[in-house]
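An overview of the molecular structure
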Amino acid sequence: MANLRDKVYKIRSKNAGPFTVTVDIFCRNQTNLKRILGLLDGDTLSYLYNVEKDRFEIFEIPDLNVIKISFPRTHIQGSRLDRDMHGAQFAELLNEMELPDNF
Amino acid sequence: MIRVLVPSGVLGLEFSKEALQRGLANNPDIIAIDGGSTDSGPYYLGTANSKYSRAVTSGEWKYLLAARETADIPLVIGSSGTCGTDQSVDWMVEITKNLLHTTKKDLRIGTIKSSLTRQQVVSALEANRLKPLKHAPVISEEIINDCMGIVALMGVEQIQETLARNADIIIAGRATDTASIAALPLMSGIPPGIAWHGAKVAECGALCSTNPLSGCVQVDFHEDYFEIEPLDPMAQCTPHTVSAHMLYENSDPFILYEPGGYLDVKNSIYEAVSDRKVRVSGGKWVPFPQYSVKIEGVRIAGYQTTSLTMIRNAHYVRSIHTWIEKLKQFLENSLAEKFGVDADTCHLDFRIIGSEATLGSLENRSSLTVEVGILGLITAETQELANEIAKHINPYLLHFPLSEKEELPTFSFPYSPAETERGPLYEFCLNHALELDDPLEIFKIEVFEANG
């Protein structure tokens, strides 16, 4: 079974200030971007990140073939329950997301 | 045309000295660099500390002061000393004076301070002049009064005022990443859509190029466009590297909020001028009717002591989750008797390194590892209590058995003492816009002779 990382150039995540995490998915081309966008509905993202589905913002940047996903941190950066000061490892959940067999 | 030389994304992170010299040879109008960020966490604002060492900061600043002297142009640093508090500005001024003490020529240092008192922020809350920004935490007078450090992020107006007072070196408190770069172009009549966009692209230095580590970039601001090129001959700016920078640490790839309005780059055009220089046009600036600045605040959310235990025994590694659960239950039950506190005010958090220490409950994979580390985080209302509890749990981290039938195990501590006092646990607690009648209203500007 393929993972999302096998189908894209790279996926990275980072803080966008102390209260928000932002993930950038660098797709290979427009077709690739559209297919991946189709997989990333609110339910899927909510399942991965345990954030309510209507709190995800999803942007499409066609010129760069990038999908950007921003969402509020469940634990504010650096607070007692936070585990990732820079928010950089959140990307791994999308990197490892398993794709349907027919993808 | 206004040419801005940006030596790197932040003072303290190195830049190529050769690239800086190449930049100077091109006769820039100003050197602008950023000095801070919240990215390394709340500790820095809580303590007014710098993330980068004084020696490294001073070493790099020395080069920039010399570059300024050679070119005889202003040098500006925004968000001095990581967090940009008033003390951080003083720290940077002291470093500067130490470096300038042999200079004969009189130089004018301008400082812009942006710390706020708790009372100022409480008054703003009462006057309904604080507006929550996206994902802002709920605030109250009590929370504001708990803050250890509060700063406002200046925009360009405060830097422009200091430039107008003929400061040669400007040491600014907390500022937006772009403000120190955008200030002079805007003051010189460059349209705001061009000035703010160019500043955003250059704010991390050569991160908008193919060789981020080279540091230096040069931005030329024109009436209808800006051009950006890296100053390391081996680095290239391409339409892709430049436009991709809008994604970086920004929740919206097309919109950038600044004091007084926002930049919209949805219709921007990125063109290659050469294989290493990019021309950008089309950025749009949308002013807000009400001027406001973002504020940041940090409070103490307890005191921490940590410990680290290593477990290599295969039986315990296999059963690590059960072991932690039992241990935690046992220790939490003992808190009331030993210390008169409970698990609601005193938190025992054990993170299994090798399993889910990074992602916690979001982790969706499991695999057996050779060994695990147990990072214990003890958070209590006082440091003394956190230390006491850490000492109390120490023998159990060393010897706690999985079941009553087993012999007492003994695990590994990598150092002595096994506990490490971490001090206060700081927490970001403000993400608000503060409305101002005048952009200079809360910022304290001074211009003085460096040798005076």
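See above for the structure.
Everything quoted here is computed from the prediction, not taken from an experiment. (Residues numbered from 1 in each chain as written. Chains lettered and ligands numbered in written order. Predicted model: local features only at pLDDT ≥ 70, side-chain atom pairs only at ≥ 80, totals over all residues. Heavy atoms only, no water.)

**Observations concerning the nonpolar core**
Among the nonpolar cores identified, the biggest contains 66 residues, and Ile-159, Phe-221, Ile-228 and Leu-434 of chain B are the most heavily contacted of them. The next biggest cluster of nonpolar side chains, apart from the first, holds 28 residues, and it includes Val-23, Leu-40, Tyr-49 and Phe-90 of chain A. (Core = buried A, V, L, I, M, F, W, Y, C linked by side-chain atoms within 4.5 Å. Buried < 20%, exposed > 50% of the residue type's maximum accessible area, 1.4 Å probe, protein only.)

**Quick word on the sheet that holds strand β10 (residues 255–258) of chain B**
Residue and element names in this part refer to chain B. One open sheet holds the three strands; their spatial order is β10-β11-β14, and the pairing between them is antiparallel. Of all strands in the sheet, those with a lone pairing partner are β10 and β14 (284–287), marking the two edges. Ignoring strand direction, the axes of neighbouring strands in this sheet form an average angle of 20°. Examined bridge by bridge, β10 and strand β11 (residues 261–264) share four bridges and lie antiparallel to one another. For Ile-255, the partnering residue across the bridge sits in β11 and is Asp-264. Helix-sheet contacts for helix α9 (residues 192–202) involve β10, β11 and β14, and the interaxial angle to β14 is about 110°. (Pairing = 2+ DSSP bridges. Helix = DSSP H or I, 4+ residues; strand = E, 2+ residues; numbered from the N terminus. Axes fitted to C-alpha atoms, helices over the stretch in contact; angles between N-to-C directions. Contact = heavy atoms within 4.5 Å.)

**Here we look at the pattern of salt bridges**
Residue and element names in this part refer to chain B. Taken as a whole and judged by the stated rule, the model has 27 salt bridges over all chains. The partner of Glu-427 in a salt bridge is Arg-299, and the shortest N-O contact between them spans 3.3 Å. Here the residue Glu-427 occupies a position in strand β18 (residues 419–435), and Arg-299 occupies one in strand β15 (residues 292–311), the gap between them amounting to 128 residues. Exposure remark for Glu-427: the relative accessible area of 16% places this residue in the buried category. The network of salt bridges with shared partners includes Glu-227, Glu-229, Arg-276, Lys-277 and Arg-279. (Salt bridge = Lys/Arg side-chain N within 4 Å of Asp/Glu carboxyl O.)

**A word on helix α8 (residues 179–187) of chain B**
All names here are of chain B. With eight of its nine residues buried, α8 lies for the most part within the structure. Among all positions in α8, only Ala-179, Ser-180, Ile-181, Ala-182, Ala-183, Leu-184, Pro-185 and Leu-186 are buried. The first or second residue beyond α8 is Gly-189, which carries a positive phi of 95°.

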